[in-house]
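Structural characterization, general
One letter stands for each residue in the lines below.
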Amino acid sequence: TLPAKRIAITGAAGQICYSLLFRIAKGDVYGPDQPVILQLLDIPQAMEALRGVLMELEDCAFPLVQGIVATDDPVTAFKDADAVFLVGSRPRSKGMERADLLAVNAEIFKVQGKALNEAASRDAKVIVVGNPANTNAAILAAHAPDFPAANITAMLRLDHNRFLSQLATKADVAVRDIEKAAVWGNHSPSMFPDWSNAQANGKAISQLIGDEAWYRETLIPTVAKRGSAIIEARGASSAASAANAAIDHMHDWINGTDGKWVSMGVPSDGSYGIPEGLICGVPVTCEGGVYTRVEGIEIDDFARKMIDLTCAELKDELDAALGR
Ligand code: NAX
């Protein structure tokens, strides 16, 4: 058998992880032949709840699980990790200002960046799910100077999947037949779902749907407000779909996308007018364990405006988190 992959997961006692852990343990990230060791992190107050999750994981008797570590110490959790899912973060509590929320999370991701720097494998692939995901990822990278910055990414995949699903329904095509859909920017209501290159079975989606007003006035706000709509209906935020998106993101990064575009929050290289220093959603393809930004996309006036708006928000968020 193959040597086990070590997968570190934070926020392990929380809602998203209640779905995520079990799917990773089943083999949904690395495949059905790859043993895994789960390295679970949460805060001291959550250790008792985590103990319960641990018992349930044991009771699944997953054949691929070769070991489980549960800890409140980030260095222990990240030790020799091959993949890192940073799901835990501080939600906004009653009366908390946005600046305070950004500062509290900046502190969490500073500590975790240092631990990552110290303990994780240099090839580890990192996804930040905990909000504000893009900004947390940028703070993490700033405190992990010896860790390859390109391996620190933020999750836009839930927005991407929401976008695909809405397009497929409206165009009456299968999700799997849609190519070249992209979500740009911040994981927030400002993100920009871009259909200008999207195709299904070789035909432009915009022509299949033939309704620009629907795209601008219905689709974009629907994707933007989907998180709130789920909270309203379910009384709790999206958890299973968020876990699924995190798995899609990591699975595709590791196993490749066969030329298909997916959206990932990655460190900007200045292309498409996105300021450097941000971790920003862009379309990528993945092959051989490496993601590559899709190049040469034509950006029309509408897309330019939308990308600039979401990037300005990202920059503002990072400045506030850094106290600039
Ligand atoms: P929960 O509140 O259920 O769980 C969060 C867990 O993280 C808790 O167990 C908490 O104790 C733990 N935690 C807090 N600080 C920690 C730290 N410093 N180290 C380790 N663990 C820590 O939230 P859940 O519903 O699981 O959501 C987790 C995060 O995902 C939230 O920040 C949420 O906003 C974010 N989301 C991000 C999405 C994305 O697309 N990027 C979508 C879904 C989700 O809203």
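Residues numbered from 1 in each chain as written. Predicted model: local features only at pLDDT ≥ 70, side-chain atom pairs only at ≥ 80, totals over all residues. Heavy atoms only, no water.

In the nomenclature of an unreviewed UniProt entry, the chain is known as Malate dehydrogenase of Thioclava indica.

Under the criterion given, the structure shown has seven aromatic pairs. Ring geometry for Trp253 versus Tyr291: centroids 5.7 Å apart, planes at 65°, classification edge-to-face. Taken together, the residues Trp253 in helix H10 (residues 240-255) and Tyr291 in strand E14 (residues 290-293) connect sequence positions 38 residues apart. Residue Tyr291 is classed as buried on the basis of its relative accessible area of 13%. Three or more aromatic residues link up through ring pairs in this structure, and these residues are Phe192, Trp195, Trp214, Tyr215 and Phe302. Lying over the aromatic face of Phe302, Arg216 brings its terminal NZ or CZ to 3.8 Å of the ring centre. (Phe/Tyr/Trp six-rings, centres within 6.5 Å; stacked < 30°, edge-to-face > 60°. Helix = DSSP H or I, 4+ residues; strand = E, 2+ residues; numbered from the N terminus. Buried < 20%, exposed > 50% of the residue type's maximum accessible area, 1.4 Å probe, protein only. Lys NZ or Arg CZ within 6 Å of the ring centre and 35° of its normal.)

Our next topic: the layout of surface pockets. Approximately 1,600 Å³ is the volume found for the largest pocket. Along the walls of the largest pocket sit 50 residues, with Ser89, Pro91, Val129, Gly130 and Asn131 positioned nearest its centre. Listed by contribution, the elements that provide at least two residues to the lining of the largest pocket are helix H1 (15-26), helix H4 (98-119), helix H6 (157-171), helix H8 (212-224) and helix H9 (226-234). Of the residues forming the lining of the largest pocket, the biggest block, seven residues, is contributed by H4. Its residues assigned to classes, the lining of the largest pocket shows 25 nonpolar, 17 polar and eight charged. (1 Å grid on protein atoms, 1.4 Å probe; cavity = no way out; pocket = protein on both sides within 12 Å on 5 of 7 lines; lining within 4 Å. Points joined across faces, edges and corners; volume = space filled by probe spheres on them. Nonpolar A, V, L, I, M, F, W, Y, C, P; charged D, E, K, R; others polar.)

Among the ten residues of helix H5 (residues 133-142), eight are classified as buried, and the element is accordingly described as predominantly covered. Among all positions in H5, only Ala133, Asn134, Thr135, Asn136, Ala137, Ala138, Ile139 and Leu140 are buried. Next to the buried residues of H5 lie strand E4 (83-86), H4, strand E5 (125-128), strand E6 (152-154), strand E13 (279-287) and helix H11 (301-321). (Contact = heavy atoms within 4.5 Å.)

Attention now moves to the site of the ligand. For the ligand, the set of nearby residues contains 24 residues, the closest of which are Gln15, Ile16, Asp42, Ser89 and Asn131. One of the backbone nitrogen or oxygen atoms of Gly14 is found 3.4 Å away from an oxygen atom of the ligand. Ile16 places a main-chain nitrogen or oxygen 2.9 Å from an oxygen atom of the ligand. Burial of the ligand by the protein amounts to 82% of the accessible area it has alone, namely 880 Å². More than half of the atoms belonging to the ligand lie within 2 Å of the grid points that define the largest pocket. (Near = heavy atom within 4 Å. Polar contact = N/O pair within 3.5 Å; in protein donor to acceptor, adjacent residues only side chain to side chain. Areas by Shrake-Rupley, 256 points an atom, 1.4 Å probe, with all protein chains shown as cover. Sits in = over half its atoms within 2 Å of the grid points.)

With that settled, consider the environment of Asp146. Position of Asp146 relative to the elements: it lies in the loop between H5 and E6. Taking the C-alpha atoms as reference points, Asp146 and Glu118, separated by 28 residues in sequence, lie 8.4 Å from one another.

As a further point, take the pairing of E4. Where burial is concerned, the two faces of E4 agree: the one with Ala83 and Phe85 and the one with Val84 and Leu86 are both buried. Judged from the four bridges that link them, strand E1 (residues 5-10) and E4 form a sheet pairing that is parallel. Each bridged residue has a counterpart across the sheet, and for Ala8 the counterpart in E4 is Val84. Relative to E5, E4 is paired through four bridges, and the arrangement is parallel. Paired with Ala83 across the bridge in E5 is Lys125. (Pairing = 2+ DSSP bridges.)

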